[in-house]
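# Notes for the structure review
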Amino acid sequence: MIDYQAPLTDMQFVLEHLVGERLAGLAPFAALDRETIGAVLQEAARLVEAEIAPLNAAGDRQGCRLQETAVQTPAGFPAAYQAFVDGGWQGLSLPEVDGGQGLPYLYSHVLMDMLAAANSAFSLYPMLTQSACEALRLHGSEALRDRYLATLTSGRFAGTMCLTEPQAGSDLSLIRTRAEPDGADAAGPAYRLTGTKIFITGGEQDLSENIVHMVLARLPDAPAGVEGISLFLVPKLLPDGERNAVYCRGLEQKMGIHGASTCVMGFEGARGWLVGEANRGLRHMFTMMNLARLAVGSQGLGIAEAAAQRALGYARERLQGRPGKGQRTGETVPIVAHAEVRRMLLRLRTGAEGARMLAYDVAAEVDVARHHADPARREQAAGYVELMTPICKAGLTDIGLANASLAVQVYGGHGYIRDNGVEQLLRDAKINCLYEGTNGIQAIDLVARKLRLADGALPEILFRRVAKAPAEGAFAPLPALLAQAREVTARLQARLAAGEDVTGLAYPYLEGMLRLALAGQWARAQQAAPALAPAQAARKQAAAVFFARTELARARAEFEIAAQDPAECALADPALV
Amino acid sequence: MHIVVCIKQVPDSSQIRVHPVTNTIMRQGVPAVVNPYDLFSLEEALRLKDRVGGRVTVLCMGPPQAEMALRKAISFGADHAILVTDRAFAGSDTLATSFALASAVRQIGRDMAVDLVFCGKQTIDGDTAQVGPGIAKRLDLQLLTYVSQIDAVDPERREIVVRRRAEGGVQVLKTRLPCLITMLEGSNELRFATQAGIFRAARYPVQRWDSKAAGIEDPSRVGLKGSPTVVRKVFAPTPNTQRADLISCESGTPEDLAATLLAKLTTRNPELAALLGRAGMQETGR
Ligand SMILES: Cc1cc2nc3c(=O)[nH]c(=O)nc-3n(C[C@H](O)[C@H](O)[C@H](O)COP(=O)(O)OP(=O)(O)OC[C@H]3O[C@@H](n4cnc5c(N)ncnc54)[C@H](O)[C@@H]3O)c2cc1C
Ligand SMILES: Cc1cc2nc3c(=O)[nH]c(=O)nc-3n(C[C@H](O)[C@H](O)[C@H](O)COP(=O)(O)OP(=O)(O)OC[C@H]3O[C@@H](n4cnc5c(N)ncnc54)[C@H](O)[C@@H]3O)c2cc1C
């Protein structure tokens, strides 16, 4: 069975016709040509298809095992990880000065698109390492960076993010892990960390030489709440090779991503160093958490793609029923011959391809925000990324989950059977809606924070972009939808200004905004489609039409829900739920 | 040790369509790839270099776009790349191609003597398997075709021991260097390119040789003039016999026979593996 085939044609379509131009003008990437990018993507696809995808099903069955405090990842994971590191893939989008390849940030999403589709569990290890790199690069002292940045960038060392504690999940102000001053050394003032972290992805594993934990903890005299949290770097092995006092004390049994270790981590007087300023740990963490949220969105994209691939393949082979209405005789046909199945397949394809356009679009803006010559354009790009981060995180992971569920549906009862491989997608997809801030928290972030930032100007960045998309053919209703979006946004902003709690209707608003943003992408894709080979162009156009005919109406409905007065929606009283 | 690997850029046959009326191959829009058979030779050359050190030079004759094939080889670890390209080569058949390549190998040897030349077993577009032997003959090299494994190579004593697939068995052959080897498909697995390799390949200045630089003095030996082969007609032959295969295996149990049949079918048609994978699984649920 072919486990996964990277959709290079669609990836390249999006890269070249929808987002590529924006990168072309950025100074650090002036020397990058189409051929080199093509070669990089082809080789990434080869590695992912040949080495990483085949471990997916077996890794799910085998899971991770805890022996004493050591964790064994599924068979094949260590070798695949080594191949990943040897190829230099960990540092794909990290700066060359740190030993990375210095490619645009965008390409880390193309890689995640492939990795998460092929093997979501595996994809988490490099993702967390990349997050740890970003945190260290942006906030670490020179001494700490010298010590750890190159080994993390190459993937020789892996990283983790240690935020969650039993009593502190969404609400990180409740963190209790303590850090006591403990002298100083070449890497600066040192601390001893004591406390328990839970749900730590990659907290222990047998893939990398060392593990570098990024830990949120409190200093002795720290103020209560989020203003009293600091960020520390705690390695598993200390610079002299000695084992640090941080141990895996348990492994969670999970619904999915069995190949990713989810650890209870005991910090038992572990030595660590402060990253950035004292008591500003949460802020430091968030500069990189925003990128991690975008990365999780792209994990949703990857699963959406894997689900679409499986379902399309199956629907062309599974023979069931007769063609046409009420026909009882004649040849049995593949289920793709039934319009109801085609509805599901088109939804799967538009889900995956739409998610791809949006994920790459926002990722490209991260590059623009970093490197554009014009400060105004940089600021605009940064604002766009701020606004779109919760939309991508929640929206694209919801699409991943919906697609996984639809793929099971296309398989019928066979989809519910383990050996057929699609139920794993469904189990693996759900976690994306939960970690890096639950999707509910994303919706609240969108409404309560992003609608207020920059005097409420951020949504207009998206709206202006959508206004420029060609509202042709099936997209004729787009301007009306845009007007509705502007109106709902203004209404929410007025309620926020009046001090009302609007978070009860934040999710419908996020759903509306997601579809509006996707509509803008699809309208442009429809226009760019003729650049594809004829058969692919026709399919792309069909997908655009299908999106317009089904999702624009859903967007209108979601905005309509969000426009209501939350006080009139039976949301006010805990006693009434 | 200096190893030259001849690679040819070919249209990706999995995407080729034959024109239904004229029966000619429709090449437009078909992406070009490195002839898949050549990759086994490239990998073997790189392994030899890993073992005994030295230099791997990749050589290709083709249009300027064929540079892509050479870059690919560089990304996997080849040291040097030479593209022999000249309008004068247009229309070369296997005779003219092997003449030109042999001449180019001779030129390459001026810089550092060539110990080994690798060719693919055949190409997926021309399919003649003549070019490798043609080069060997012209350069007076020992010829080892269908090699499945290189057991030993001794650059000092200038000897090489290989396994060669022959009818009904495997030959273990020892010969002296320099020699020309064509590798059997499936005998190794191509390594993954590192990103450092990919970027080196992107920046690598592929050398371009025209016919003069390739050492060809007599232009009538290459191109259409140097190609006695004439294509009269291209057609799809109608199979006149049905082939039958005897399925046998050691134990002869129904399960083993079925597994052997399945293996035969899937190796002959890799796409079938995907189809069968799914169909096979349908039996497990209800
Ligand atoms: C497999 C896995 C891997 C993980 N990996 C890591 C990791 O590597 N590092 C790490 O630090 N953590 C990790 N986590 C933890 C994860 O980030 C948290 O589970 C998540 O942030 C939610 O916290 P919680 O589970 O305590 O849920 P809670 O915070 O208890 O939330 C429960 C529900 O209440 C809602 N809710 C909570 N607060 C509010 C509010 N103020 N307003 C509205 N709704 C609210 C939530 O949306 C959710 O629906 C992982 C979790 C899992 C399951
Ligand atoms: C009957 C016939 C008529 C043809 N007519 C024409 C024509 O009119 N016009 C035309 O353009 N072509 C024509 N060709 C194609 C051309 O002659 C061959 O493609 C070319 O000579 C190589 O032969 P091959 O592909 O069969 O290679 P093979 O002999 O199968 O290749 C064996 C190995 O030799 C090496 N090799 C072969 N070619 C090259 C190369 N170019 N560079 C580097 N290494 C190489 C590779 O390692 C390859 O794996 C014709 C081919 C045939 C069989």
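Model, not experiment: these values are computed from the prediction.

Cut-offs and rules
- Note on numbering: residues in each chain are counted from 1, in written sequence order.
- Working convention: letters from A go to chains and numbers from 1 go to ligands, in the order in which they are written.
- Predicted model: local features are reported for residues with pLDDT of at least 70 only, side-chain atom pairs are reported and counted for 80 or more only, and whole-chain, interface and lining totals are derived from all residues.
- Segments assigned H or I by DSSP are reported as helices when at least four residues long, segments assigned E as strands when at least two residues long, and all are numbered from the N terminus.
- In this scheme the burial state of a residue depends on its C-beta neighbours within 10 Å: 20 or more other such atoms mean buried, 12 or fewer mean exposed, and anything in between means partly exposed; the C-beta positions come from the backbone.
- A residue pair is marked as a contact if its C-beta atoms, positioned from the backbone, fall within 7 Å.
- For this measure, only C-alpha atoms enter the radius of gyration; the expected value for a globule follows 2.2 Å times N^0.38, where N is the number of residues.
- For every domain, the bounds stem from an assignment made automatically or drawn from a database.
- We call a residue near a molecule or strand when its C-beta atom, built from the backbone, sits within 6 Å of it.
- Side-chain classes follow a simple rule in which Ala, Val, Leu, Ile, Met, Phe, Trp, Tyr, Cys and Pro form the nonpolar group, Asp, Glu, Lys and Arg form the charged group, and the remainder, Gly included, forms the polar group.
- Each pair of strands is called paired provided DSSP finds at least two bridges between the two strands.
- Simply put, an axis is a line fit to the C-alpha atoms, just over the touching stretch for a helix, and the angle between two N-to-C directions goes from 0 to 180 degrees.
- Each angle gets one of four labels, with under 35 degrees taken as roughly parallel, over 145 as roughly antiparallel, 65 to 115 as roughly perpendicular, and the rest as oblique.
- Two helices crossing with the near one rotated counterclockwise from the far one by less than a right angle form a left-handed crossing, whereas a clockwise rotation gives a right-handed crossing.
- A set of buried Ala, Val, Leu, Ile, Met, Phe, Trp, Tyr and Cys residues, joined to one another through C-beta atoms within 7 Å, is what we call a nonpolar core.
- Crossovers are described as right-handed under a simple rule: with the strands pointing away from the observer, the path leading from the first strand over the helix to the second runs clockwise.
- The predictor's confidence in any single residue is recorded as pLDDT, a number from 0 to 100.

### Remarks on the overall build of chain B
- Secondary structure summary: chain B contains 7 helices and 13 strands in total.
- Seen through its C-alpha atoms, chain B measures out along the principal axes to roughly 70 × 50 × 40 Å.
- Burial analysis of chain B (286 residues in total) assigns 37% to the buried set.
- Counting only contacts in chain B whose residues sit at least 6 apart along the sequence, the fraction spanning at least 24 positions is 70%.

### Remarks on the overall build of chain A
- Helix and strand counts for chain A come out as 16 helices and 9 strands.
- Against the 2.2 N^0.38 benchmark of 25 Å for 577 residues, chain A shows a C-alpha radius of gyration of 24 Å, consistent with a compact globule.
- C-alpha atoms of chain A, sized along the principal axes, occupy 80 × 60 × 55 Å.
- Here chain A holds 577 residues, and the buried ones make up 53% of them.
- For chain A, restricting intrachain contacts to residue pairs at least 6 apart in sequence, the fraction spanning at least 24 positions comes to 76%.

### A few points about the domain arrangement of chain A
- Along its sequence, chain A is carved into domain 1 (8-65 + 73-151), domain 2 (157-278) and domain 3 (438-577).
- Between the C-alpha centres of domain 2 of chain A and domain 3 of chain A the distance comes to 38 Å.

### Digging into the site of ligand 1
All names here are of chain A.
- With respect to spatial proximity, 21 residues lie near ligand 1, and among them Leu163, Gly169, Ser170, Phe199 and Gly440 are the closest.
- Elements with a minimum of two residues in the shell around ligand 1: β3 (157-162), β5 (188-201) and α11 (439-450).
- Residue composition of the shell around ligand 1, grouped by class: 10 nonpolar, 9 polar and 2 charged.
- Shared between two domains, the shell around ligand 1 takes at least three residues from each, and those domains are domain 2 (157-278) and domain 3 (438-577).

### A few points about the sheet that holds strand β7 (residues 80-84) of chain B
Residue and element names in this part refer to chain B.
- If you trace the 9 strands from one edge of the open sheet to the other, you get β11-β10-β9-β12-β8-β1-β6-β7-β13, paired in mixed fashion. Only two strands of the sheet have a single partner each, and these edge strands are β11 (169-176) and β13 (207-209). For this sheet, the mean inter-axis angle between neighbouring strands, taken without regard to orientation, is 35°.
- Strands in contact with helix α2 (residues 67-76) are β6 (55-61) and β7; relative to β7, the strand with the most contacts, it is inclined by about 165°.
- Contacts between helix α3 (residues 94-111) and the sheet are confined to β1 (2-6), β6, β7, β8 (116-120) and β13, with β6 contributing the most and set at about 150° to the helix.

### Notes on the site of ligand 2
Residues and elements named next belong to chain B.
- Around ligand 2, a shell composed of 30 residues is seen, among which Cys6, Gly120, Gly126, Thr128 and Val131 lie nearest.
- Broken down by secondary-structure element, the contributors of at least two residues to the shell around ligand 2 are α1 (36-52), β6, α3, β8 and α4 (131-139).
- A class-by-class count of the residues in the shell around ligand 2 yields 11 nonpolar, 14 polar and 5 charged.

### Notes on the environment of A:Gly25
Residues and elements named next belong to chain A.
- Looking at the element boundaries, glycine 25 is found in the loop between α1 (8-24) and α2 (34-52).
- Glycine 25 gets classed as partly exposed once you count the C-beta atoms within 10 Å, which come to 14.
- For the pair glycine 25 and tyrosine 107, spaced 82 residues apart in the sequence, the C-alpha separation amounts to 16 Å.

### Focus on the packing of helix α7 (residues 281-315) of chain A against helix α9 (residues 375-411) of chain A
Residues and elements named next belong to chain A.
- Following both chains from N to C, one finds α7 and α9 inclined at 20°, their axes separated by 7 Å at the closest point. Between α7 and α9, the crossing angle belongs to the class labelled roughly parallel. Read as a crossing pair, α7 and α9 show a hand that is left-handed.
- For the contact of α7 with α9, the residue count by class is 18 nonpolar, 9 polar and 3 charged.

### Quick look at the packing of α7(A) against helix α8 (residues 339-371) of chain A
All names here are of chain A.
- Where α7 contacts α8, the axes come no closer than 9 Å and their chain directions differ by 150°. The angle between the axes of α7 and α8 places the two elements in the roughly antiparallel class. The handedness of the crossing between α7 and α8 comes out as left-handed. From α7, Leu294, Gly297, Ser298, Gly300, Leu301, Ala304, Glu305, Ala307, Ala308, Ala311, Leu312 and Ala315 reach across to α8, where they touch Val341, Leu345, Leu348, Arg349, Gly351, Ala352, Ala355, Arg356, Ala359, Val362 and Ala363.
- Each residue belonging to the contact of α7 with α8 can be placed in one class, and the counts come to 16 nonpolar, 4 polar and 3 charged.

### Topic: the nonpolar core
- Counting 255 residues, the largest nonpolar core has A:Phe232, A:Ala307 and B:Leu59 as the members making the most contacts within it.
- The element best represented in this core is helix α5 (residues 106-139) of chain A, accounting for 20 residues.

### A few points about the domain arrangement of chain B
- As assigned here, chain B comprises domain 1 (2-221) and domain 2 (237-286).
- Between the C-alpha centres of domain 1 of chain B and domain 2 of chain B there is a distance of 34 Å.

### Here's the deal with unusual backbone geometry
- Here the amide bond leading from B:Leu177 into B:Pro178 is cis, since omega sits at 0°, within 30 degrees of zero.
- We note that A:Glu68 has phi near 60°; this positive angle belongs to a residue other than glycine.
- Within the fold, A:Glu68 resides in the loop between β1 (65-67) and β2 (70-72).
- One non-glycine residue, B:Arg158, lies in the positive phi region at around 55°.
- Secondary-structure assignment places B:Arg158 in the loop between β9 (142-154) and β10 (159-166).

### Details of the pairing of β7(B)
All names here are of chain B.
- For β7, the buried fraction is high: 5 of the 5 residues fall into the buried class.
- What you see with β7 is no split at all: His80, Ile82 and Val84 on one side and Ala81 and Leu83 on the other are buried throughout.
- Of the strand pairs in this sheet, β6 and β7 are connected by 5 bridges, and their pairing is parallel. Across the sheet, residue valine 58 finds its bridge partner in β7, namely alanine 81.
- Taken together, β6, α2 and β7 form a β-α-β motif whose crossover is right-handed.
- With 3 bridges joining them, β7 and β13 adopt parallel strand pairing.

### A short note on the environment of B:Leu95
- Relative to the helices and strands, B:Leu95 resides in helix α3.
- Considering only alpha carbons, one finds B:Leu95 and B:Gly134, 39 residues apart in sequence, at a separation of 7.1 Å.

### Quick look at the pairing of strand β7 (residues 229-235) of chain A
Residue and element names in this part refer to chain A.
- Among the 7 residues that make up β7, 7 are buried, leaving the element largely enclosed by the rest of the structure.
- Side chains Ile229, Leu231, Leu233 and Pro235 of β7 all project onto a buried face; the interleaved residues Ser230, Phe232 and Val234 project onto the opposite face, where all are buried too.
- Strand direction decides the pairing type here: strand β6 (residues 210-218) and β7, joined by 7 bridges, are antiparallel. Following the sheet pairing, methionine 214 is matched in β7 by leucine 233.
- With 3 bridges joining them, β7 and strand β9 (residues 262-275) adopt antiparallel strand pairing.

### Some details on the environment of A:Gly203
Residues and elements named next belong to chain A.
- Mapped onto the elements, glycine 203 comes out in the loop between β5 and β6.
- Residue glycine 203 is classed as buried on the basis of its 28 C-beta neighbours within 10 Å.
- Residues glycine 203 and glycine 266 lie 63 residues apart in sequence; the distance between their C-alpha atoms is 10.0 Å.
- Among all residues touching glycine 203, those that are not within four sequence positions of it are Thr160, Cys248, Ser261, Cys263 and Met265.

### Describing the confidence of the model for chain B
All names here are of chain B.
- Mean pLDDT over chain B: 89, with 94% of residues reaching 70 or higher.
- Below a pLDDT of 50 lies the segment residues 280-286, which in the model reaches 10 contacts outside its immediate sequence neighbourhood of four places, other chains included.
- Scoring the predicted complex yields pTM 0.88 and, for the interface, ipTM 0.78.

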